[in-house]
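# A closer look at the structure
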Number of protein chains: 2
Amino acid sequence: MSFPHPLPELQPSPVTLSDLAGVRASGVAAGIKVSGAPDVALLVADAPVACAGIFTQNKFAAAPVLVSREHLHQSGGMIRAVVVSSGNANACTGDAGLRDAREMAARVARGVGCAEHEVLVCSTGVIGHPLPMQKVRAGIDGALAALSSEPRAGRDFLRAIMTTDAFAKESGERARALIAGVCKGAGMIQPDMATMLAFVATDARATPSELAAAMPALARRSFNAVHVDTHPSTNDTFLLLATGRAQATVAEIAPDLERVCRRLAWLIARDGEGATKVTTISVTGARTDEAARVVAAGIAASALVRTALFGNDPNWGRFVSQVGNSPAVMSVEGLRCTLQGVVVFEHGSPTAFDRAATSLAMRAEDVSLDIALAEGSGSAALMTSDLGYRYVEVNAEYTT
Amino acid sequence: MSFPHPLPELQPSPVTLSDLAGVRASGVAAGIKVSGAPDVALLVADAPVACAGIFTQNKFAAAPVLVSREHLHQSGGMIRAVVVSSGNANACTGDAGLRDAREMAARVARGVGCAEHEVLVCSTGVIGHPLPMQKVRAGIDGALAALSSEPRAGRDFLRAIMTTDAFAKESGERARALIAGVCKGAGMIQPDMATMLAFVATDARATPSELAAAMPALARRSFNAVHVDTHPSTNDTFLLLATGRAQATVAEIAPDLERVCRRLAWLIARDGEGATKVTTISVTGARTDEAARVVAAGIAASALVRTALFGNDPNWGRFVSQVGNSPAVMSVEGLRCTLQGVVVFEHGSPTAFDRAATSLAMRAEDVSLDIALAEGSGSAALMTSDLGYRYVEVNAEYTT
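Residues numbered from 1 in each chain as written. Chains lettered and ligands numbered in written order. Predicted model: local features only at pLDDT ≥ 70, side-chain atom pairs only at ≥ 80, totals over all residues.

## Looking at the overall build of chain A
The criterion, for reference: Comment: elements are numbered from the N terminus, with helices defined as DSSP H or I runs of at least four residues and strands as E runs of at least two. Only C-alpha atoms enter the radius of gyration; for comparison, a globular chain is expected to reach 2.2 Å times N to the power 0.38, where N is the number of residues. Any residue pair is listed as a contact if its two C-beta atoms, each placed from the backbone, are within 7 Å.
Secondary structure summary: chain A contains 11 helices and 14 strands in total. A globule of 400 residues ought to have a C-alpha radius of gyration of about 21 Å, and chain A, at 22 Å, matches this closely. Its C-alpha atoms put chain A at 70 × 50 × 35 Å along the principal axes. Residue pairs in contact within chain A that sit at least 24 positions apart in sequence constitute 81% of those at least 6 positions apart.

## Observations concerning the sheet that holds strand β13 (residues 366-372) of chain B
Residue and element names in this part refer to chain B. Let me state the cut-off plainly: Between any two strands, pairing holds if DSSP finds at least two bridges. To obtain each axis, a line is fitted to C-alpha atoms, and for helices this fit is confined to the stretch in contact; angles are then taken between N-to-C directions over 0 to 180 degrees.
Pairing within the open sheet is mixed, and its 6 strands lie in the order β12-β11-β10-β13-β9-β14. The open sheet has two free edges, formed respectively by β12 (349-350) and β14 (378-385), since each of these has just one partner strand. When strand β9 (residues 278-286) meets β13, the two strands line up parallel, connected through 7 bridges. Within the sheet, the bridge partner assigned to Thr-284 lies in β13 and is Ala-372. Taken strand by strand, helix α7 (residues 289-300) contacts β9, β13 and β14, and its axis lies near 25 degrees from that of β14.

## Quick word on the packing of helix α2 (residues 94-112) of chain A against helix α3 (residues 133-146) of chain A
All names here are of chain A. Inclusion rule: Geometric relationships in this document are graded by angle, where less than 35 degrees denotes roughly parallel, more than 145 denotes roughly antiparallel, 65 to 115 denotes roughly perpendicular, and other angles denote oblique. Each helix crossing is assigned a hand: it is left-handed if the near helix lies turned anticlockwise from the far helix by less than a right angle, otherwise right-handed if that turn is clockwise. Gly falls in the polar group here, along with every residue not listed as nonpolar (Ala, Val, Leu, Ile, Met, Phe, Trp, Tyr, Cys, Pro) or charged (Asp, Glu, Lys, Arg).
Taken N-terminus to C-terminus, the directions of α2 and α3 make an angle of 25 degrees; their axes are 10 Å apart at the nearest point. Looking at the two axes, α2 sits roughly parallel to α3. Taken as a pair, α2 and α3 cross one another with a handedness that is right-handed. Between α2 and α3, the residues in contact are Asp-100, Glu-103, Met-104, Arg-107, Val-108 and Gly-111 and Met-133, Val-136, Arg-137, Ile-140 and Leu-144, respectively. The residue inventory of the contact of α2 with α3, partitioned by class, reads 6 nonpolar, 1 polar and 4 charged.

## Focus: the packing of helix α1 (residues 63-74) of chain B against helix α2 (residues 94-112) of chain B
Residues and elements named next belong to chain B. Relative to each other, α1 and α2 sit at 50 degrees, their axes nearing to 8 Å. Looking at the two axes, α1 sits oblique to α2. Crossing geometry of α1 relative to α2 is assigned as right-handed. Where α1 abuts α2, its residues Ala-63, Pro-64, Leu-66, Val-67 and His-71 lie against Gly-97, Leu-98, Asp-100, Ala-101, Arg-102 and Ala-105.

## Examining helix α3 (residues 133-146) of chain B
All names here are of chain B. As a reminder, the rule being used: For a helix, the expected span equals 1.5 Å multiplied by the residue count minus one. Counting other C-beta atoms within 10 Å of a residue's own tells you its class, since 20 or more makes it buried, 12 or fewer makes it exposed, and anything in between is partly exposed; those C-beta atoms are placed from the backbone. The directions considered for the arc run from the helix axis to the C-beta atoms.
Counted at 1.5 Å a residue, the expected span for α3 with its 14 residues is 20 Å, and the 19 Å between its end C-alpha atoms agrees. Burial in α3 covers these residues: Val-136, Gly-139, Ile-140, Ala-143 and Leu-144. All buried residues of α3 fall inside an arc of 135 degrees around its axis, so they share one side. Those residues of α3 that are exposed and angled more than 90 degrees off the buried face are Gln-134 and Ala-145.

## A word on the sheet that holds strand β14 (residues 378-385) of chain A
All names here are of chain A. Strand order in the open sheet formed by 6 strands is β12-β11-β10-β13-β9-β14, and the pairing between neighbours is mixed. Bordering the open sheet on either side are β12 (349-350) and β14, each of which pairs with just one other strand. Judged from the 3 bridges that link them, strand β10 (residues 336-339) and strand β11 (residues 342-346) form a sheet pairing that is antiparallel. Note on β11: the bridge partner recorded for Thr-338 is Val-343. Of the strands in this sheet, β9 (278-286), β13 (366-372) and β14 are in contact with helix α7 (residues 289-300), which crosses β14 at around 25 degrees.

## A few points about the confidence of the model for chain A
Our working definition: Looking at any residue, its pLDDT shows the predictor's confidence there, from 0 to 100.
Of the residues in chain A, 94% have a pLDDT of 70 or more, and the chain-wide mean is 92. Interface confidence for the predicted complex, given as ipTM, is 0.76, next to a pTM of 0.85.

## Some remarks on the nonpolar core
The condition is simple: Defined on buried residues, the nonpolar core groups Ala, Val, Leu, Ile, Met, Phe, Trp, Tyr and Cys residues joined through C-beta atoms within 7 Å.
In this structure, Leu42(A), Ala81(A), Val295(A), Leu42(B), Ala81(B) and Val295(B) are the most contacted members of the largest nonpolar core, which totals 271 residues. If we skip the residues at most four places from it in the chain, Val295(A) touches Val283(A), Ala286(A), Val323(A), Ser326(A), Ala328(A), Val329(A) and Ile371(A).

## Let's talk about unusual backbone geometry
Residues and elements named next belong to chain B. One non-glycine residue with positive phi stands out, namely Cys-92, at about 55 degrees. Note that Cys-92 resides in the loop between β3 (78-88) and α2. Judged by the 23 C-beta atoms lying within 10 Å of it, Cys-92 falls in the buried class. Non-glycine residue Gln-340 carries a positive phi angle of around 50 degrees. Look at Gln-340 and you get buried, because 20 C-beta atoms sit within 10 Å.

So this is what it looks like as structure tokens:
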């Protein structure tokens, strides 16, 4: 059995990671993936750059996460390199896994000529298997040799971090500063093979602590606004780097950074296996922003809602009864539910909306589901992908 | 497209509701369902019987739920009749819906010769549509006329409460007391058409307040142990009735009652659309019972876990990383994960278990997934159904 996975039309980003002055990148095939696809990616800055990270909250945090957290701390957030292996997550691999992650950093440090703690490590892929270190070592050496500041080098990096991704995910801007972002991961299939890795770099100026302070809000409105945020994988990592070569500060380009990160997050949601669209669930009028987020998460996580979205079914009953179930809602008096701009429920009952026209309107890349409560001024918006046949196929039939 | 829905082999219950002395039942077709299937069910006791109920916590509680709660309170839990309509839930129907639910009770009360508040009302089916009262009135009159104490009358009642159920759900015992239970509902597709209605009656003795006191624990280990308990529909109702004609007390037959209710709940989980099995997720060694329940619910609700179960995939990574994500878990040190009796993960790593043999063992009606933590003595067990192609088909392709 095989189900289609209609993909979005994508525009290449006008900026890649290697477009940033003083930054080189590479991506090579080391044989970690049986497919022979690129699987070792390397990013190197000529001089230390400010960096902050947000890592998985999973209590099974993988070895590379533990090492990267430690190195960020030891380096005071001024780093030289990021090395990524894909195809094997080096998770649930015990002490040997920790040694392997440290060895990856050490090997890059030797090649770059920096301290080990100036190198961060990420891995993604199957969990519970030891890293094939012979291949990883050769891959790191190859990636060091291939480092380049040409635009294609940033794309080589991107290709080498992908696993089950159906398409490459990049976004960038050339405005007051350069911003280049790449990520990998597929919405809704976490936590298995679907580690989210995101790397966003800018030439704007910031200290490591300024970056760290900016990241939680940025993540909340982008990567953590994809419904999967409650199911972090063992390896999830979001790194933000600032080379400081531009005039603008990171604070000044905050809206641009958020736009780039939101686009990357949208691409992750769009790549839920078999997804045909991204639905943005906006909740307004909740008691608090956090309450709004809980309500939106309840809707976004519902298999009933997500199958209705797949079927282009304006099934107001599934949406509003999820609101009625939310512990974050005190009263459903005044609830209004709007789907693709069409009010489908208000004053305690469904409206006489045109089902066929609304269903047609749901056949879009971007669908909006707006839940208006009347309890306060809290709001939140989450992105979710729909759930179709291919989701089941990918997750049930291919043992990972 | 059409996917198979393999059904379990079922044994008919040795006891039906109408086997209880002094209890008559009926089920008739009133045309509420377009299929012409039976859709009005009636249960009448010759004299008031003790009754307690657990109702949906959804803030969109349907009109019949509001009326039944009120009548239980007004009658002090001594009731004469329960009337059920199926095919239309009378939910999100405003004041007119409340009037309709009251009229149903009043019509039964006139026919039986009792007070309105001695009649409870349940409805299940599509939401947001007014009850077709002309059909409902004729159906109630027909059901009153058809009341019978023959065993088949209990089965008529059961057939008339079903909606999307793929099979009839009944369980009962003849031991120290008679216990007869029926329910309708299909695991995992709540809250839409999948209202759970359960009616369990015994001839054991209990006061209404004794029944009410016994119900929470009973529900927690049965109907609320099906994963869907966090998604109550607008109409969910569980009624427990005791005629008091036997010697035994309800307290004395508590284990038997629990067995009957657990069997009914298992049947609901087994009837998740496209489900091929029921997986019981047991968590032990949690800090508290509630913590254990939260951990189990996180696993049971995971689409990743449920597709792996459908695919007979002993995917330990999906199971243990869900444990690692649970807010109810402090430490994953000492975590052991056992699937169908096979230890697949311990001491922080997967074991060298036989994947093929374990996958084969997962092809069963009953699958066990045991999560042992080392944080305390809390435990809980939940039942979940697997998620396959037919789930998507039913929920995406047929607008309800």
